[in-house]
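These are the residues of each chain, in order.
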Amino acid sequence: MGAATDLIIEPRVHDLGGAPIRRVLPYHKKRAVGPFVFFDHIGPADVPPGRGAAVRPHPHIGLATVTYLFEGSMDHRDTLGTIQTIEPRAVNWMTAGRGISHSERAPKDLLESGHRMHGIQTWVALPKPHEEDEPAFVHHPADTLPRFDLGGAEATLIAGEAWGHVSPVEFPWPIWYLAVEAPNGAAFDLPLEVEERSVYVVKGEAEVDGERLSEGKMSVLKLGEAASVTAQPDTILMLSGGAPLDGPRYIEWNFVSSSKERLEQAKEDWRKSIAGNWLDTPFTQPPGETAYIPLPGDPEPTPLDSPPE
């Protein structure tokens, strides 16, 4: 490995409505990079008519979910009453805090026509003083995010500060998150002021500190080491990281917390909400939703799914 490279991560592959998912984080040798505790690469995939993402309502605590698409679109619904379609290069930023439930589904027109799906979904752990914040959701349209030239590529600053630019996304912890699209190739140095840094190849090929990094792999860099990136033509990268977390985080199912006891409470709260049919319960349902995803090993609902009208 290059002198600045600490670890190369190869993802595990799953499936979501006909689109492959490459799960990069968490990894057994690296649980987090900055506040990023979960990193999924969805697609690219041509999804035929009648198929598509149908992620039934499910709960989260202690984190923010971040959806960023290159192709396709997705309908988000949550228990705050939000109904929001996300399009390519916009950002859906949902803060779970003390608890929220949401669903993510392919829009009806794309289900009928078929579509191409490609994007990145990440979770960032909330710092300890904010783990029990009120839940929130903010949609950032594509034209509100800073875009700038980065060594010949077009960089989109999703969150944090980088190369003199500041994202409108608010997050209570030092964070660094960018999409870098290099149709003609690019070369740039990574900032040293970001403590924990990673480079993920969404498409194409790059060299990180002189080491080849192929599509679907993440390079996690050493603290304080200078590193350069050279992207080949027709390459897309995601740069992610930030300050190290303020202590370890535990992940169980869709819950993230600095406390194992809090994870157990969240599990019981979800079971109570299902048993109580969402009336005066810790979790409720997004608008129009009646289905849900049970805890692993618990009984599935009948019918299994009933999408909103």
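Computed from a prediction, not measured in an experiment: that's the story for all the values here.

**Structural notes on the overall build of the chain**
Across its full length, the chain holds 2 helices and 25 strands. Partitioning the intrachain contacts of the chain with sequence separation of at least 6 by distance along the chain shows that 69% fall at a separation of at least 24. Counting every atom, the chain has about 12800 Å² of accessible surface; 49% of that belongs to carbon and sulfur. In the chain, 27 side chains carry a positive charge and 45 a negative one; their mean positions are 5 Å apart.

**Side note on the pattern of salt bridges**
Counting across every chain of the model gives 20 salt bridges. The shortest N-O distance in the salt bridge between Arg105 and Asp305 comes to 2.8 Å. With a gap of 200 residues between them, Arg105 in strand β10 (residues 100–105) and Asp305 in the segment after α2 (260–275) connect regions that are remote in the sequence. With a relative accessible area of 9%, Arg105 lands in the buried category. Overlapping salt bridges bring together Asp46, Glu71 and Arg116 as one network.

**Concerning the pairing of strand β17 (residues 186–189)**
Here β17 shows a buried face lined by Ala186 and Phe188 and an unburied face lined by Ala187 and Asp189. In this structure, β17 lies alongside strand β22 (residues 228–231), joined through 4 bridges in antiparallel fashion. Residue pairing in the sheet places Asp189 in a bridge with Ser228 of β22.

**Some thoughts on the nonpolar core**
Among the nonpolar cores identified, the biggest contains 31 residues, and Trp93 and Met238 are the most heavily contacted of them. Per-element tally for this core: the top contributor is strand β6 (residues 63–71), with 4 residues. Leaving out residues up to four positions away in the same chain, Trp93 has contacts with Ala64, Thr65, Val66, Val124, Ala136, Phe137, Val138, Ala159, Val169, Glu170, Phe171 and Ile175. Formed by 26 residues, the second largest nonpolar core is a distinct cluster that contains Ala206, Val208, Leu237 and Leu239.

**Quick notes on the sheet that holds strand β8 (residues 83–86)**
Within a beta sheet, neighbouring strands are joined by backbone hydrogen bonds and run either parallel or antiparallel to one another. A sheet is described by the order of its strands in space; here 4 strands give the open sequence β5-β10-β7-β8, paired in antiparallel fashion. Both outer strands of the open sheet, β5 (54–60) and β8, are each paired with one neighbouring strand and no more. The average undirected angle you get between the axes of adjacent strands in this sheet is 20°. Pairing geometry for β5 and β10, over 5 bridges, is antiparallel. Following the sheet pairing, Val55 is matched in β10 by Glu104.

**Concerning unusual backbone geometry**
Cis peptide bonds are those with omega within 30 degrees of zero, and the linkage from Leu25 to Pro26 qualifies with 0°. Within the secondary structure layout, Pro26 lies in the loop between β3 (19–25) and β4 (36–47). In this chain, Thr302 is followed by Pro303 through a cis amide linkage whose omega measures -5°. One can find Pro303 in the segment after α2. The phi dihedral of Trp253 falls on the positive side, at around 55°, and the residue is not glycine. For Trp253, the location among the structural elements is in the loop between β24 (250–252) and β25 (255–257). For Trp253, a relative accessible area of 23% corresponds to the partly exposed category. Even without being a glycine, Asp280 presents a positive backbone phi close to 55°.

**With respect to the sheet that holds strand β19 (residues 205–208)**
Pairing is antiparallel across the open sheet formed by 4 strands, whose spatial order is β17-β22-β19-β20. Each edge of the open sheet is held by one strand with a lone partner, namely β17 and β20 (211–214). Put simply, the sheet's adjacent strands are angled 20° from each other on average, direction ignored.

**Details of the packing of aromatic side chains**
The final tally for this structure, using the stated rule, is 12 aromatic pairs. For the ring pair Trp253 and Phe255, a centre distance of 5.7 Å and an interplane angle of 80° mean the geometry is edge-to-face. By relative accessible area, Phe255 is classed as buried at 0%. An angle of 55° between the planes, with centres 5.1 Å apart, marks the rings of Trp270 and Trp278 as tilted. The pair formed by Trp270 and Trp278 is uniform in burial state, with each residue classed as buried. An aromatic cluster is built from Phe148, Trp163, Trp176 and Phe188, whose rings are joined through pairwise contacts.

Parameters at a glance
Residues numbered from 1 in each chain as written. Predicted model: local features only at pLDDT ≥ 70, side-chain atom pairs only at ≥ 80, totals over all residues. Heavy atoms only, no water. Helix = DSSP H or I, 4+ residues; strand = E, 2+ residues; numbered from the N terminus. Contact = heavy atoms within 4.5 Å. Areas by Shrake-Rupley, 256 points an atom, 1.4 Å probe, with all protein chains shown as cover. Lys, Arg positive; Asp, Glu negative; His and termini not counted. Charge placed at Lys NZ, Arg CZ, Asp CG, Glu CD. Salt bridge = Lys/Arg side-chain N within 4 Å of Asp/Glu carboxyl O. Buried < 20%, exposed > 50% of the residue type's maximum accessible area, 1.4 Å probe, protein only. Pairing = 2+ DSSP bridges. Core = buried A, V, L, I, M, F, W, Y, C linked by side-chain atoms within 4.5 Å. Axes fitted to C-alpha atoms, helices over the stretch in contact; angles between N-to-C directions. Phe/Tyr/Trp six-rings, centres within 6.5 Å; stacked < 30°, edge-to-face > 60°.

This is a description of form; function is not addressed.
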